[in-house]
Amino acid sequence: MRDPSHNLLFEPIKLGPVVAKNRFYQVPHCSGMGWRRPKTLAAMRGIKAEGGWGVVNTEYCSIHPTSDNDAFPFAALWDNEDIRAHQLMTQAVHKHGALAGVELWVGGSMIVNLGTRLPPLGLRNRPQTDSSVFHPGQARRLDKEDIKNIRSWHRDAARRALEAEFDIVYVYATHGYMLSEFLNPEINNRSDEYGGSLENRVRLIKELIEETKEIVVGKAAVATRFSVGLEDAESYDAFAMLADLPDLWDLTVPDYSVEMGTSRFVKEGSLVASIAKAKAMTDKPVVAVGRFTSPDTMVQVIKAGAQDMIGAARPSIADPFLPSKISRGNLEDIRECIGCNVCYAYDSSGVPLRCTQNPTMGEEWRLGWHPEFISPTEKPERVLVVGAGPAGLEAARVIGEQGHQVLLAEAQRTLGGRVTREAKLHGLSEWARVRDWRVGQISKLPNVEVFLESHMQAEDVFELDVDHVLVATGACWADDAVGRYSAHGFSTVDSNMILNAETVLDGTKLSAGKIAIYDDDHYYMGSVLALELRRRGHDVILITPAGRICEWGSLTDEQNSSNRALAEAGVQMITNRNIDHVWDQKLGMSCVLSDSKSEISCNAIIPLTRRIPVLELYNDLKLDQNSLTASTLQSVKRIGDAEAPSIIAAAVSSGYRAGIDLGKDIDQAKIYGKREHPSFD
């Protein structure tokens, strides 16, 4: 039963000529699907509408081929084919009583049109401003004819949006794209009516809002996405000039590292103060994000008058059924976002979203996976899962929900495996939600038994009379330096100087005063271990063969924040260096860009280069063919890091897949090779 204090979240709200059934608003967010995968996209958005979101939006949607952000799969409304593609999404959303919104987008200097090869249009003749893409192409400075064309293209796209059955049409004026270029006095150096004074710089946005309202009048609401920030007084002056013009404001802050920051650096509700100031300046409804997962916090910000609707991208990915669970009062079932930004990383890689918490994300159409419903088995069997890390917990949950009898054996006294250890490190506490949610779900399943401190040997497994064994024994960091940049490791090594990363993760006290970390992993681990060692009082040197520390973190949008934290903590950072020799309290390094050599002193080194699957049990089971033949075992499979070490999201996905595939003869090419193909006329 719903907590009465949460009723406010389920009150309808009028957005111009349309009404949202509640206050849950999935803001426009990228998907890695876009125009290339319209069926995949429609299924994903439709699941969110099914989960209770009152409004479900597209990602950024190009209005014209001069705004082309290939190779990223964006949405588009260029022609009738796009209209038909979007109708798949709007109809899937409408089926569940939600409103469908589209974010019309003009790229500006952020893009180079790699697909259409048309010259990009920007405020100035300058290189591409997207700092994640170092392309030498430049935008062409807009002239008056271009502005006239943009207004015409935007109107045409709004008409197509109506044909595609959208209920909300956006004017997108933030995130560094063209309309926000007009607002920026450092970029906008025009001397005509679109430059100079703030009133002139706001002009095009005002015109587009007014013209879009004329096109969609009475049929759809007009929303405007806009940035306001307490440290940017002019942003509120600009907002005031437009305050009551659109039907709805979708507000954010100018600093994307705050809006989209990982939980290592940014916590729930971080935008509230900035948004509340703007909310006080308009009578129109306001929606804003803040990685909200707590319904109490949601109610609080609405009651305080900070905003009218709860915007979400990442929380709606982690749990598409978040609104429904709040409505039913099943708060313990909410699969809370951990703020790892793996979703963002996959979209930034040009492929469909993935989520650490929700392994079904992006697989709704391709594999038919649903975040809440798992088909029951017709033939219950006994299954042993060895290892209760992220893969083992997820597998036990899925198999248990199918109706199988599950024995979950964990060697340690606590559940969670790597998640439990890593969540103790600074900034990663929210990652424990991966463990906690699964433990909570498993506790509701009477057919899942958990055995702690159970060190399983092969003979123990054969005695259990089980039908299937899933080995989820994880992986351990290696002592050597075999990795991406080296196939052989250190040329010369003093083993007494080697510290295994597992030692730090276990919390063992270290005697070495000055410790180097050799980071060929390139994600968060090198940075968080360096910060942890600094917290313990050690001098730390972080060395990487990459050009910057936390290189893969550029995709999760944490690289800059991570490097800033390291600098502030006094960690010495050395880039573009391989480590060749570890000897006599010194490290011998070679530059990856030249033949130059250098040397640095330290007492110990932690290699972060690769992890080795823990496979003693798996190998013993597979090698004992006589016992296998005599047993009831039908299958023995390794999953998660025990199969192929990767990120936690991959381990969770592996556990889910193992559960769904249990006992089936799987043709990987047929099942997992499914793709969307264009029709051939």
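Since the model is a prediction, treat every value here as computed from it, not as a measurement.

Rules of the game
- Residues numbered from 1 in each chain as written.
- Predicted model: local features only at pLDDT ≥ 70, side-chain atom pairs only at ≥ 80, totals over all residues.
- Heavy atoms only, no water.
- Helix = DSSP H or I, 4+ residues; strand = E, 2+ residues; numbered from the N terminus.
- Rg over C-alpha atoms; globule rule 2.2 N^0.38 Å.
- Contact = heavy atoms within 4.5 Å.
- Areas by Shrake-Rupley, 256 points an atom, 1.4 Å probe, with all protein chains shown as cover.
- Expected span 1.5 Å × (residues − 1).
- Buried < 20%, exposed > 50% of the residue type's maximum accessible area, 1.4 Å probe, protein only.
- Patch = residues over 30% accessible without salt bridge, like charges linked within 9 Å, V, L, I, M, F, W, Y side chains within 5 Å.
- Salt bridge = Lys/Arg side-chain N within 4 Å of Asp/Glu carboxyl O.
- Lys, Arg positive; Asp, Glu negative; His and termini not counted.
- Charge placed at Lys NZ, Arg CZ, Asp CG, Glu CD.
- Pairing = 2+ DSSP bridges.
- Axes fitted to C-alpha atoms, helices over the stretch in contact; angles between N-to-C directions.
- Phe/Tyr/Trp six-rings, centres within 6.5 Å; stacked < 30°, edge-to-face > 60°.
- Lys NZ or Arg CZ within 6 Å of the ring centre and 35° of its normal.

(A) A look at the overall build of the protein. Helix and strand content of the protein: 23 helices and 28 strands. Relative to the 2.2 N^0.38 estimate, which gives 26 Å for 681 residues, the radius of gyration of the protein is 27 Å and therefore close to what a compact globule would have. The principal-axis extents of the C-alpha atoms in the protein amount to approximately 80 × 65 × 55 Å. Within the protein, contacts between residues separated by at least 24 positions form 71% of all contacts whose residues are at least 6 apart in sequence. Accessible surface, the protein as shown: approximately 27,300 Å² in total, 49% of it carbon and sulfur.

(B) Representation of helix α18 (residues 524-535). With 12 residues, α18 should reach 16 Å at 1.5 Å per residue; the first-to-last C-alpha distance of 16 Å fits that figure. The element α18 is largely enclosed, with a buried count of 10 among its 12 residues. Every buried residue of α18 is accounted for by Y524, M525, G526, S527, V528, L529, A530, L531, E532 and L533. Residue G537 follows α18 closely and has a positive phi angle near 100°.

(C) Structural view of a negative patch on the surface. A grouping of E459, E463, E616 and D620 is seen on the molecular surface, where their side chains present a negatively charged patch. Broken down by secondary-structure element, the contributors of at least two residues to the negative patch are α16 (458-463) and α20 (616-623). Here D620 is to be found in helix α20. Given the relative accessible area of 38%, D620 is considered partly exposed.

(D) Examining unusual backbone geometry more closely. Along the chain, D70 connects to A71 via a cis peptide bond; the corresponding omega equals 20°. As for its position among the elements, A71 is in the loop between β4 (55-62) and β5 (75-76).

(E) Representation of the sheet that holds strand β28 (residues 635-638) within the structure. Ordered in space as β16-β15-β14-β17-β28, the 5 strands form an open sheet in which the pairing is parallel. Across the chains shown, the open sheet's two edge strands, defined by having one partner strand only, are β16 (448-451) and β28. The sheet shows a mean angle of 15° between the axes of neighbouring strands, taken without regard to direction. Relative to β16, strand β15 (residues 405-409) runs parallel, the two being bridged by 4 bridges. Bridge pairing links L407 to E449 in β16. Sheet contacts for helix α13 (residues 390-402): β14 (382-386), β15, β16 and β17 (468-471); angle to β15, the most-contacted strand, approximately 165°.

(F) Representation of the environment of P12 within the structure. Inspection of the secondary structure puts P12 in the segment before β1 (13-15). Expressed as a C-alpha distance, the spacing of P12 and L230, which sit 218 residues apart in the sequence, is 30 Å. Discounting residues that sit within four places of it in the chain, P12 has contacts with V19, A20, K21, N22 and R23.

(G) Looking closely at the sheet that holds strand β24 (residues 586-591). Spatially, the 4 strands line up as an open sheet ordered β19-β23-β24-β25, and their pairing is mixed. Edge positions in the sheet fall to β19 (492-493) and β25 (597-601), since each has one partner strand and no second. Two elements, β24 and β25, share 5 bridges in a ladder whose sense is antiparallel. Looking across to β25, one finds that G588 is bridged to E599.

(H) Examining the pattern of salt bridges more closely. According to the stated counting rule, one finds 45 salt bridges in the structure shown. Its salt-bridge partner being R159, residue D156 comes within 2.9 Å of it at the nearest N-O pair. Of this pair, D156 and R159 both sit in helix α3 (residues 144-163), separated by 3 residues, roughly a single helical turn. Residue classification places R159 among the partly exposed residues on the basis of a relative accessible area of 39%. A salt bridge links E234 to R201; the nearest nitrogen and oxygen atoms lie 3.0 Å apart. Residue E234 is located in helix α6 (residues 233-242), and its partner R201 is located in helix α5 (residues 198-216); the two are separated by 33 residues in the primary sequence. Relative accessible area serves as the criterion here: at 5%, R201 is assigned to the buried category. One salt-bridge network, in which partners are shared between bridges, spans K267, R291, E336, E430 and R433.

(I) Expanded view of the pairing of strand β9 (residues 168-172). For β9, a buried count of 5 out of 5 residues is recorded, marking the element as mostly surrounded by other parts of the structure. Residues of β9 alternate between two faces, with I168, Y170 and Y172 on one and V169 and V171 on the opposite face, all of them buried.

(J) Layout of the packing of aromatic side chains. In this structure the tally under the stated criterion is 20 aromatic pairs. Pairing Y60 with F74 gives two aromatic rings, centres 6.2 Å apart and planes at 50°, and the pair type is tilted. One end of the pair, Y60, is in strand β4; the other, F74, is in the loop between β4 and β5, with 14 residues separating them in the sequence. For F74, a relative accessible area of 1% translates into the label buried. A ring pair is formed by Y523 and Y524, whose centres lie 4.5 Å apart and whose planes are at 70°; its orientation type is edge-to-face. If you follow K277 out to its NZ or CZ, it ends over the ring of Y236, 4.4 Å from the centre.

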